[in-house]
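# Structural overview
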Amino acid sequence: MIRFNLVCDAGHEFDGWFRSNEDYEGQHKSGLVSCPTCHSAKVAKALMAPAVSTARKQEKIALAVGAEQRQMLAKLKEMADHVRQNADYVGDKFADEARKIHFGEVERRGIYGEASVEEVKSLADDGVDFMPLPTFPDEHN
């Protein structure tokens, strides 16, 4: 999966997750990419800094949020908590288990766990439906 910083013609900035640049381009040309704030389909990629990992300790990023963002974050946390309470934790076997479920090798069930970037790309290439499960600063995993 790849994340793009996007901006609409009204100046609203937002993120979009896509399987590849080609996937973004196809969805964009089909009018499927739109601003979540004003619903404009006139969207372009915004300038973004690359995600570079260094040997130094990573700094935490703080986000100042208003009431609407707090509500959205609360809903995301509620969804993540629901998944954790109602799905099986499979740890680092997530990619293998998700693929087995997708191809009908095991009974269909909700799972969550960890996967490497390479495993995530491979799952997307195989057409396996999945999504990142958000974590929050107050969670100690």
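Report on the accompanying structure. Residue positions are given per chain, counted from 1 along the sequence in the order it is written. Predicted model: local features are reported for residues with pLDDT of at least 70 only, side-chain atom pairs are reported and counted for 80 or more only, and whole-chain, interface and lining totals are derived from all residues. Note: side-chain values were computed over all heavy atoms of the structure, leaving out hydrogens and water.

## Here's the deal with the overall build of the protein chain
Each helix and strand in the protein chain was counted, giving four helices and five strands. Secondary structure elements are taken from DSSP: a helix is a run of H or I of four residues or more, a strand is a run of E of two residues or more, and numbering for both begins at the N terminus. Secondary structure elements of the protein chain, listed N to C terminal, follow the sequence β-β-α-β-α-β-α-β-α. Classification of residues uses two cut-offs on accessible area relative to the type maximum, computed with a 1.4 Å probe and protein chains only: under 20% is buried, over 50% is exposed, and between them is partly exposed. Taking all 141 residues of the protein chain together, 20% fall into the buried category. Contacts between residues were defined by any pair of non-hydrogen atoms, one from each residue, lying within 4.5 Å. Here the contacts in the protein chain between residues at least 6 apart in sequence split such that 45% fall between residues at least 24 apart. Each accessible area is a Shrake-Rupley estimate made with a 1.4 Å probe; only the visible protein chains count as cover when residues are assessed. For the protein chain, the computed accessible surface area is about 10800 Å², with 53% contributed by carbon and sulfur atoms.

## Focus on unusual backbone geometry
Located in the positive-phi region is His39, a residue other than glycine, with phi close to 70 degrees. The exposure class assigned to His39 is exposed, which follows from its relative accessible area of 59%.

## A few points about the nonpolar core
Formed by Phe4, Leu6, Cys8, Phe14, Phe18, Tyr24, Val33, Cys35 and Val43, the largest nonpolar core amounts to nine residues. Where this core is concerned, the elements lending two or more residues are strand E1 (2-8) and strand E2 (13-18). At three residues, the largest contribution of residues to this core is made by E1. Contacts of Phe18, omitting those with residues within four sequence positions, involve Met1, Ile2, Phe4, Leu6, Asp23, Tyr24, Gln27 and Val33. Definition used in this section: a nonpolar core is a set of buried Ala, Val, Leu, Ile, Met, Phe, Trp, Tyr and Cys residues joined via side-chain atoms within 4.5 Å.

## A few points about the pattern of salt bridges
Oppositely charged side chains can pair when the atoms bearing their charge come close. Whenever a carboxyl oxygen of Asp or Glu lies within 4 Å of a side-chain nitrogen of Lys or Arg, that contact is scored as a salt bridge. Scanning the entire structure with this criterion turns up seven salt bridges. The salt bridge partner of Asp15 is Arg3, with a shortest N-O separation of 3.5 Å. With Asp15 in strand E2 and Arg3 in strand E1, this pair connects stretches of sequence that are twelve residues apart. Looking at Asp15, the relative accessible area reads 46%, which means it is partly exposed. Each of Asp88, Glu97, Lys100 and Arg109 takes part in salt bridges that share partners, so that together they form one network.

## As for the sheet that holds E1
What holds strands together in a sheet is hydrogen bonding between their backbones, with the strands either parallel or antiparallel. Read across the sheet, three strands follow the order E2-E1-E3 without closing on themselves; strand pairing throughout is antiparallel. Looking along the sheet, the strands with just one partner apiece sit at the ends: E2 and strand E3 (43-45). Pairs of neighbouring strands in the sheet enclose a mean axial angle of 40 degrees, with direction left out of account. In short, DSSP must find at least two bridges between two strands for them to pair. In this sheet, E3 lies alongside E1 in antiparallel orientation, the contact comprising three bridges. Residue pairing across strands places Val7 opposite Ala44, the latter belonging to E3. Simply put, an axis is a line fit to the C-alpha atoms, just over the touching stretch for a helix, and the angle between two N-to-C directions goes from 0 to 180 degrees. Contacts between helix H1 (residues 21-29) and the sheet are confined to E1, E2 and E3, with E3 contributing the most and set at about 160 degrees to the helix.

## A look at helix H3 (residues 94-102)
Residues of H3 that are buried include every one of Phe94, Ala95, Glu97, Ala98 and Ile101, and no others. Buried positions in H3, seen along its axis, are confined to an arc of 165 degrees and lie on one side of it. Elements that come into contact with the buried residues of H3 comprise strand E4 (88-91), strand E5 (111-113) and helix H4 (117-125). Think of it as the arc spanned by the lines of direction from the helix axis to the C-beta atoms.

## As for the side chain of Glu97
By secondary structure assignment, the location of Glu97 is in helix H3. Since its relative accessible area comes to 16%, Glu97 is described here as buried.

## Observations concerning the side chain of Ser40
Within the element layout of this structure, Ser40 appears in the loop between H1 and E3. For Ser40, a relative accessible area of 14% translates into the label buried. A polar contact of 2.7 Å, which involves the side chain of Ser40, links it to the side chain of Asp9. Counted as a polar contact is a pair of N or O atoms within 3.5 Å, where, for protein atoms, one must be capable of donating a hydrogen and the other of accepting one, and residues adjacent in sequence contribute only when both atoms are in side chains.

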